[in-house]
Protein chains: 2
Amino acid sequence: MKGIGQKARAASRAMARASTASKNEALIQLAALVRKNAEALKVVNAKDVERAKANGQDAAFIDRLTLTDKTIATMAEGLEQIAKLSDPIGEMSNIRKMPSGIQVGQMRVPLGVIGIIYESRPNVTIDAAALCLKSGNATILRGGSEAIDSNTALAKLIQESLSLAGLPSDAVQVVETTDRAAVGAMITMNEYIDVIVPRGGKSLIERLMADARVPMIKHLDGICHTYIDVLADPAKAIKVCDNAKTQRYAPCNTMETLLVHEAAIKDSLLPLCKIYQDKGVELRVCKKTKQALEAAGVKNLIDATEEDWSTEYLAPILSIKTVSNMDEAMEHINQYGSHHTDCIITEDYSAGMRFLREVDSASVMINASSRFADGFEYGLGAEIGISNDKLHARGPVGLEGLTSMKYIVFGQGEIRT
Amino acid sequence: MKGIGQKARAASRAMARASTASKNEALIQLAALVRKNAEALKVVNAKDVERAKANGQDAAFIDRLTLTDKTIATMAEGLEQIAKLSDPIGEMSNIRKMPSGIQVGQMRVPLGVIGIIYESRPNVTIDAAALCLKSGNATILRGGSEAIDSNTALAKLIQESLSLAGLPSDAVQVVETTDRAAVGAMITMNEYIDVIVPRGGKSLIERLMADARVPMIKHLDGICHTYIDVLADPAKAIKVCDNAKTQRYAPCNTMETLLVHEAAIKDSLLPLCKIYQDKGVELRVCKKTKQALEAAGVKNLIDATEEDWSTEYLAPILSIKTVSNMDEAMEHINQYGSHHTDCIITEDYSAGMRFLREVDSASVMINASSRFADGFEYGLGAEIGISNDKLHARGPVGLEGLTSMKYIVFGQGEIRT
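Sequence positions are assigned chain by chain, starting from 1 and proceeding in written order. Each chain is given a letter, starting from A, and each ligand a number, starting from 1, according to the order in which they appear as written. Note on the predicted model: pLDDT of at least 70 is required for a residue's local features to be given, and 80 or more for side-chain atom pairs to be given and counted; whole-chain, interface and lining totals, by contrast, use all residues. Processing note: side-chain calculations cover all non-hydrogen atoms of the structure and skip hydrogens and water entirely.

**A short note on the overall build of chain A**
Numbering goes from the N terminus for both helices and strands, where a helix is a DSSP run of H or I of at least four residues and a strand is a run of E of at least two. Scanning chain A from N- to C-terminus turns up 14 helices and 16 strands. Throughout, radius of gyration means the C-alpha value; the globule benchmark is 2.2 Å times the number of residues raised to the power 0.38. Its C-alpha atoms give chain A a radius of gyration of 24 Å, near enough to 22 Å, the size a compact globule of 417 residues would have. With the C-alpha coordinates aligned to their principal axes, the bounding extent of chain A is approximately 70 × 70 × 35 Å. The buried label applies to any residue whose accessible area, calculated with a 1.4 Å probe on protein chains only, is under 20% of its type's maximum; exposed applies above 50%, and partly exposed to all values in between. The buried share of chain A, reckoned over its 417 residues, is 58%. Any two residues whose heavy atoms approach within 4.5 Å at even a single point are treated as in contact. Within chain A, contacts between residues at least 6 apart in sequence are counted, and of these 72% link residues at least 24 apart. With residues, only the protein chains shown are counted as cover, and all accessible areas are computed by Shrake-Rupley using a 1.4 Å probe. Working note: accessible area of chain A is about 16,100 Å², and carbon and sulfur atoms make up 50% of it. With 48 positive and 52 negative side-chain charges, chain A shows a separation of 4 Å between the mean positions of the two kinds. Residues scored as charged are limited to Lys and Arg (positive) and Asp and Glu (negative), so that His and the chain ends carry no count. Taken as the charge centre is NZ of Lys, CZ of Arg, CG of Asp or CD of Glu, depending on the residue.

**Topic: the packing of helix α11 (residues 265-278) of chain B against helix α12 (residues 287-295) of chain B**
All names here are of chain B. Axis separation between α11 and α12 bottoms out at 11 Å; the angle between their running directions is 80°. If you check the angle between α11 and α12, you find them roughly perpendicular. Seen from α11, the contacting residues are I265, L269, L270 and C273; seen from α12, they are T289, A292 and L293. Under the scheme applied, nonpolar residues are Ala, Val, Leu, Ile, Met, Phe, Trp, Tyr, Cys and Pro; charged residues are Asp, Glu, Lys and Arg; polar residues are all the others, including Gly. Taken together, the residues that form the contact of α11 with α12 break down as six nonpolar, one polar and no charged. Axis geometry follows a simple rule: fit a line to the C-alpha atoms, using only the stretch in contact for helices, then measure angles between N-to-C directions, giving values from 0 to 180 degrees. Roughly parallel covers angles under 35 degrees, roughly antiparallel covers those over 145, roughly perpendicular covers 65 to 115, and oblique covers all other angles.

**Brief notes about the UniProt feature "domain: Aldehyde dehydrogenase" (unreviewed entry) in chain A**
All names here are of chain A. Cross-referencing UniProt, the feature "domain: Aldehyde dehydrogenase" (unreviewed entry) maps to residues 6-266 and 306-373 in the present numbering. End C-alpha atoms of residues 6-266 are separated by 64 Å, and the span's content is 49% helix alongside 17% strand. When the span residues 306-373 is considered, its composition is 31% helix and 26% strand, and the gap between its end C-alpha atoms is 27 Å. UniProt positions are given in the numbering used here, feature names are shortened, and annotations may be inferred rather than shown by experiment.

**A few points about the pairing of strand β13 (residues 363-368) of chain A**
Of all six residues in β13(A), six are buried, a share of seventy percent or more. In terms of strand pairing, strand β12 (residues 341-345) of chain A meets β13(A) through four bridges, oriented parallel. Each bridged residue has a counterpart across the sheet, and for A:T341 the counterpart in β13(A) is A:S363. Here the term right-handed applies to a crossover when the path leading from its first strand over the helix to its second strand runs clockwise, the strands being oriented away from the viewer. For the crossover from β12(A) across helix α14 (residues 349-358) of chain A to β13(A), the handedness is right-handed. Strand direction decides the pairing type here: β13(A) and strand β16 (residues 403-414) of chain B, joined by five bridges, are parallel. Here, strands pair whenever DSSP counts at least two bridges between them.

**Observations concerning the packing of aromatic side chains**
For Phe, Tyr and Trp, rings pair up if their centres lie within 6.5 Å, where Trp contributes its six-membered ring, and each pair is then called stacked (planes under 30 degrees apart), edge-to-face (over 60) or tilted (otherwise). Evaluated as defined, the whole model comprises two aromatic pairs over all chains. Between A:Y378 and B:Y407 the ring centres are 4.7 Å apart and the planes differ by 40°, which places this aromatic pair in the tilted class. Linking A:Y378 in the loop between β13 and β14 (385-387) with B:Y407 in strand β16, this pair reaches from one chain into another. Each of the two residues, A:Y378 as well as B:Y407, counts as buried. Above the face of the A:W309 ring, A:K321 is positioned so that its terminal group lies 5.9 Å from the ring centre. By definition here, charges over rings are those cases where NZ of Lys or CZ of Arg is within 6 Å of the ring centre and within 35 degrees of the ring normal.

**A look at the domain arrangement of chain A**
Here the domain parsing of chain A yields domain 1 (2-217 + 393-410) and domain 2 (224-372). Each of domain 1 of chain A and domain 2 of chain A was reduced to a C-alpha centroid, and the two centroids are 36 Å apart. Those domain boundaries reflect an automatic or database domain assignment.

**Digging into the pattern of salt bridges**
Definition used for salt bridges: Asp or Glu carboxyl oxygen within 4 Å of a side-chain nitrogen of Lys or Arg. Tallied over the entire structure, the rule returns 54 salt bridges over all chains. Between B:E377 and A:R416 there is a salt bridge, with its nearest N and O atoms 3.2 Å apart. With B:E377 in the loop between β13 (363-368) and β14 (385-387) and A:R416 in the segment after β16 (403-414), the pair connects residues from two separate chains. Residue classification places B:E377 among the partly exposed residues on the basis of a relative accessible area of 21%. Via salt bridges that share partners, A:R9, A:D194, B:D360, B:K390 and B:R394 belong to a single interconnected network.

**A short note on helix α7 (residues 148-164) of chain A**
Residues and elements named next belong to chain A. For α7, built from 17 residues, the straight-helix expectation of 24 Å at 1.5 Å per residue is met to within 8% by its first-to-last C-alpha distance of 24 Å. For α7, the full list of buried residues reads I148, S150, N151, T152, A153, L154, A155, L157, I158, S161 and L162. Here the buried face of α7 lies against α2 (20-36), α3 (38-54), α5 (69-84), β3 (113-118), α6 (123-134) and β5 (172-174). Taken from the residues just after α7, G166 is the one with a positive phi, measuring 75°. The span expected for a helix works out to 1.5 Å for each residue beyond the first.

**Describing the relation of the copies chain B and chain A**
Laying chain B over chain A is done by rotating through 180° and shifting 0.0 Å along the axis; what remains is an RMSD of 0.0 Å. What the rotation and shift describe, once combined, is the action of a two-fold rotation axis. Nearest to the rotation axis, the C-alpha of B:H392 is located 1.9 Å from it, this being the minimum over chain B. A shared binding surface is used by both copies, with 100% of the interface residues of chain B retained as interface residues in chain A. Residues reaching a pLDDT of at least 70 in both copies supply the C-alpha atoms on which the copies are superposed by least squares.

**Details of the sheet that holds strand β10 (residues 301-303) of chain B**
The strand order across the open sheet built from ten strands is β1(A)-β2(A)-β16(A)-β13(B)-β12(B)-β7(B)-β8(B)-β11(B)-β9(B)-β10(B), with neighbouring strands paired in mixed fashion. Whereas interior strands pair on both sides, the edge strands pair on one side only; in this sheet they are β1 (92-97) of chain A together with β10 of chain B. Averaged over all neighbouring strand pairs, the angle between strand axes comes to 25°, with direction disregarded. Sheet analysis places strand β2 (residues 103-110) of chain A next to β16(A), joined by eight bridges and oriented antiparallel. Among the inter-strand pairings, A:V104 is bridged to a residue of β16(A), identified as A:V409. Sitting on the sheet, helix α13 (residues 326-336) of chain B touches β7 (224-228), β8 (255-261), β11 (317-323) and β12 (341-345) of chain B, and the angle it makes with β11(B) is about 140°. Across the sheet, helix α14 (residues 349-358) of chain B lies against β1, β2 and β16 of chain A together with β7, β12 and β13 of chain B, angled at about 160° from β13(B), the strand it touches most.

**Some words on the sheet that holds β16(B)**
Read from one edge of the open sheet, ten strands run β10(A)-β9(A)-β11(A)-β8(A)-β7(A)-β12(A)-β13(A)-β16(B)-β2(B)-β1(B), paired in mixed fashion. Looking at strand neighbours, the two that pair on one side only are β10 (302-303) of chain A together with β1 (92-97) of chain B, the edges of this open sheet. Of the pairings in the sheet, the one linking strand β9 (residues 282-285) of chain A to strand β11 (residues 317-323) of chain A comprises four bridges and is parallel in character. Pairing of A:E282 across the sheet is with A:I317, part of β11(A). With respect to the sheet, helix α11 (residues 265-278) of chain A is in contact with β7 (224-228), β8 (255-261), β9 and β11 of chain A, its orientation differing from that of β8(A) by roughly 150°.

**Focus: helix α3 (residues 38-54) of chain B**
Residues and elements named next belong to chain B. End to end, α3 covers 24 Å across 17 residues, agreeing with the expected 24 Å (1.5 Å per residue, within 8%). Those residues of α3 lying buried are A38, L41, N45, D48, V49 and A52. Residues of α3 that are buried in the fold lie against α2 (20-36), α4 (59-65), α5 (69-84) and α7 (148-164). Of the residues trailing α3, G56 is marked for its positive phi of about 75°.

This is the structure:
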């Protein structure tokens, strides 16, 4: 691993000064290579899939692992899209003249070497490599052992494309060992790796957090709330809360807890309950909610436990709590939430602005579905992940999250007195 | 420590929504209290000083520890200056309309709870508390045991000023124990502390780095270079390099290594050597430099060892290396430097721009003294420290470095399709 680290560090210097044209050339060459080698990739991938089946992995796992014509085409298109994004590196901003005479500003530069640790999806190999490459970083990729054959084959294509574009092939290295010690080395190699981006479930992240010495841009969980305020427009509340829960159940930005002002139960919550129950969503409710809903004839309500308020279901289950005012809602969110994405439905200007300011989450929204918390929907063009951290990048992380701002000074021989 | 952490977390919520007026009121009240209690502070401080003397601390240590009329006046003025800075919290930026209809932007918010771990200077208690307060954070301050009496007295004044301004007095807590375990607790209390800012020598920082689980904004060392290019203006080279080394020897932004293009020895380095030697600066030189300088009659040159290139002298000592071209200079800087502040002296536009882009340091300068790498000189208004890190804040860290950007979404009932 030390050798890989040293090669990455050396390559990162060349990548930092690589032209936009050569970085884009590598991405476009790679898209062509991925398309050209589609059949060969599927053959190699079949080995991984076969092994996973023999190991008794479930259908969802096999699905994530399998490369199909469609996933291969999507990878190639993704590469071409990243080539089209503007290059963040070298951007100079905020240049101002100081009383001393110097002009001070900032320049956007790559972070250096980025380590990606991820689980079974082989397409992450291509996506992550492409984002790191475009942002001028060198990358060390460590996929799961279950996808080792696919990842090794993809790595060869990546390195070929780098060579075709005149860039150092060490700029993207795939760790071709399934030895777990490699992960331990990566997360402690401060001298060779500037940041680790883990992509995977909460258990992977927590395992890495326990031992990491290298800083991480990480995503834990998404316990997202929507609060229906006393002055909510019921039509918007119903439309948005339906979408936030039921458009897809598995994403991290799906609503898990609905908070309702007691005055909004009749016009907003009652019709919503019908929609949820029609769609098969299990409702776990607080006492106050249960009383009000049962009085209105709603059935099949489950009592929410204390644990429900801090559970990310990722499933057709929703917890519901009735509150007496917005302060109670915000207190609940700041206490039980995961600081990912939280929304208010209101027509009250002051309530909306207070909610925006005071809810301590990576994304805070007024009158919109939490499902919008996403790099593409935010116009970042691409996304390496969503950060739960407050330092550096917060929320959806695009190319800029893989860069750093250094100070630059333009002088004319000034000295400090 | 857990109790302190919980109180800080609770206070951080109130601080995040505190008005600019009340934060400024606390700062101005504190300035008045510091002035009013000057005599009492000196009496308390005398206990710390006496203990330090009894423990055999040296004069420099005693000097840093002692509160004088001047240091007390400076503290009060500093507070009034921070009150005058504009409040970074709540600033909304980059709001754009997306194809879905939502408007997405970012809002600047406090980090939450900041832990400051520092050594003997009691004025850090006031400076750090003031910067964290103005940026809407709660703070836990852990000064050195040698200043415990002074820090405890200052903490009382801070909490009084918070109460006078209607802010929670737990917003600034001073750890009133000299037990080392308190530091160990602080650097691992992820659930209560969002970031640690250590202020002290390299040995303190390295000790903290070894065990910290909470992210740190940290400053290690300043091995700063100036490179005199083949196309340097000798007048600028001489003026800037004299200033960068001799204006003050101890700061982290003082030049430690001078790199000289072989064609710049005669016009720039020779006159500089006379200036340095007249000021008593010891010159440690590479072989090539020694040959050239001795041939020109310069005496008392010391052979540089490999260790010199990675040494921060903080003293009237300068290492000098002759290079054949700018690439050799940049390679030396990126390999031996500490990525703090590095400068080029040149009239060559392309060389200057390449140097700016390719030198991987927090501050990179053209034709200016490295001594300008400072929060005040950069117009930040104040400085909590200088960061050697690449993530989050890099270089001088002002109020903005103590904040985070969250995403905000203004919707009109949009849903994801």
